[in-house]
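# Overview (structure and organization)
Read off the chains here:
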Amino acid sequence: QTASREPTKAAPPSEATTTPSSSGTLSKSARETLLALPNEKLATPSDHYFHSNEWRHDLLVKSLSGLGGAYIGVGADQNYTMAALADSELLLLVDFDPRIPRLHEIYDVLIRSSVTPDELLSHFEEAQLPATTKLLRSELREGTDHDAIVAQFETFRERWGDYLGRVRRLERNGEPFGWLSNTEHYAKVKRLFDEGRVHARAGDVTGETTLRGMGSALKQTGFPCQVIYFSNAEQFFPFTDDFVQNV
């Protein structure tokens, strides 16, 4: 399930410390604010949803089209398709599984180094494993656990690559659809990564830290929150006061 908001107004000047930029390099203060987004300490769950089982985002085209602003979501790469549909200018991701932010760190390196979707998929081929792990170790951000991230890639690479192959072939009404099938979608997603506009954190959407930190960051940077996507997460917890306050 997805939840999209009606377009909202940007934070008033008294609350925003910068004027948000829809393209190009973010200001130094915006980059620092986003890099400082907090994680929550969470146990690693037994299940790891490194890929999505949601295939009908074409049903959301009308609702998402052209919203711009910031997108907040949970989960894996399904968020990339929806952010592309919305022309999102900032992508903030949160998940209770600490491996999901690592997954987005992997995508960050591989997407920035891949001009085309096919080039991205080539990184998941067995023959490219030594080169891909070398690339990850050289390009992962400082402060991230390089060993854990590379080990995660090696563990899930084969199944992950098979899944992405299906995403690459996705069509709706005979036309390519989705962030890997539609070249325009891929270009939008790549631009977000190239410009440092994708940030993922470990967090509980009913917690008191990560989502509130994201909300504060949006106020500081001036980006309006246009889309909130929680997949089916709401099935697993009651709507507590903390969850309501977070939203």
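Predicted model, so just to flag it, every value in this text is computed and none were measured.

## A word on the overall build of the protein
Helix and strand counts for the protein stand at ten helices and seven strands. Looking at the protein as a whole, 52% of its 247 residues are labelled buried. Carbon and sulfur atoms make up 49% of the accessible area of the protein, which amounts to about 12,100 Å² in all.

## Some thoughts on the side chain of Asp97
Mapped onto the secondary structure, Asp97 falls in the loop between strand S3 (90-95) and helix H4 (99-112). Accessibility expressed as a relative area gives 2% for Asp97, which makes it buried. Apart from the residues lying within four places of it in its own chain, the contact partners of Asp97 are Thr44, Pro45, Asp47, His48 and Tyr49.

## Focus: the nonpolar core
Core analysis: the biggest nonpolar cluster contains 68 residues, and Tyr80, Tyr107, Ile111, Trp160, Leu164 and Trp179 have the highest contact counts within it. With eight residues, the single largest contributor to this core is helix H7 (residues 146-168). Leave out the neighbours within four places in its chain, and Leu164 touches Asp77, Tyr107, Leu121, Phe124, Trp179 and Leu180.

## A closer look at the pairing of strand S7 (residues 225-229)
The buried count for S7 comes to five of five residues, which makes it a mostly enclosed element. In this structure, strand S2 (residues 70-73) lies alongside S7, joined through four bridges in parallel fashion. Residue pairing across strands places Gly73 opposite Tyr229, the latter belonging to S7.

## Comments concerning the packing of helix H6 (residues 129-139) against H7
The packing of two helices is summarised by the inter-axis angle and the distance between the axes. Contact geometry for H6 and H7: axes closest at 10 Å, N-to-C directions at 150 degrees. Comparing the axis directions of H6 and H7 gives the class roughly antiparallel. Between H6 and H7 lies a crossing of right-handed hand. Seen from H6, the contacting residues are Leu129, Thr132, Thr133, Leu136 and Arg137; seen from H7, they are His146, Asp147, Val150, Phe153, Glu154 and Arg157. Looking at the contact of H6 with H7, its residues break down into four nonpolar, three polar and four charged.

## So, the packing of H4 against H7
At their nearest, the axes of H4 and H7 sit 10 Å apart, and the two run at 75 degrees to each other. By the angle class used here, H4 and H7 are roughly perpendicular. Residues Arg99, Arg102, Leu103, Glu105, Ile106, Tyr107 and Leu110 of H4 touch H7, and the partners they reach there are Ala148, Ile149, Gln152, Phe153, Trp160 and Leu164. The class makeup of the residues in the contact of H4 with H7 is nine nonpolar, one polar and three charged.

## Digging into the pattern of salt bridges
Counted by the stated rule, this structure contains twelve salt bridges. One salt bridge connects Arg172 with Asp58, and the closest N-O pair in it is separated by 3.1 Å. Residue Arg172 is found in strand S4 (residues 171-172), and its partner Asp58 is found in the loop between helix H1 (28-35) and helix H2 (61-64); the two are separated by 114 residues along the sequence. A salt bridge links Asp118 to Arg168, with the nearest nitrogen and oxygen atoms 2.9 Å apart.

## Notes on the pairing of S3
Taking burial as the measure, the six residues of S3 include six buried ones, the bulk of the element. What you see with S3 is no split at all: Leu90, Leu92 and Val94 on one side and Leu91, Leu93 and Asp95 on the other are buried throughout. Sheet topology places S2 next to S3; four bridges connect them, and they run parallel. Bridge pairing links Gly73 to Leu93 in S3. Handedness of the β-α-β unit built from S2, helix H3 (residues 78-86) and S3 comes out right-handed. Relative to strand S6 (residues 198-202), S3 runs parallel, the two being bridged by five bridges. Looking at S6, one finds that Leu92 is bridged to His199.

Analysis parameters
- Residues numbered from 1 in each chain as written.
- Predicted model: local features only at pLDDT ≥ 70, side-chain atom pairs only at ≥ 80, totals over all residues.
- Heavy atoms only, no water.
- Helix = DSSP H or I, 4+ residues; strand = E, 2+ residues; numbered from the N terminus.
- Buried < 20%, exposed > 50% of the residue type's maximum accessible area, 1.4 Å probe, protein only.
- Areas by Shrake-Rupley, 256 points an atom, 1.4 Å probe, with all protein chains shown as cover.
- Contact = heavy atoms within 4.5 Å.
- Core = buried A, V, L, I, M, F, W, Y, C linked by side-chain atoms within 4.5 Å.
- Pairing = 2+ DSSP bridges.
- Axes fitted to C-alpha atoms, helices over the stretch in contact; angles between N-to-C directions.
- Parallel < 35°, antiparallel > 145°, perpendicular 65-115°, else oblique.
- Left-handed = near helix turned anticlockwise from the far one by under 90°.
- Nonpolar A, V, L, I, M, F, W, Y, C, P; charged D, E, K, R; others polar.
- Salt bridge = Lys/Arg side-chain N within 4 Å of Asp/Glu carboxyl O.
- Right-handed = clockwise from strand over helix to strand, strands pointing away.

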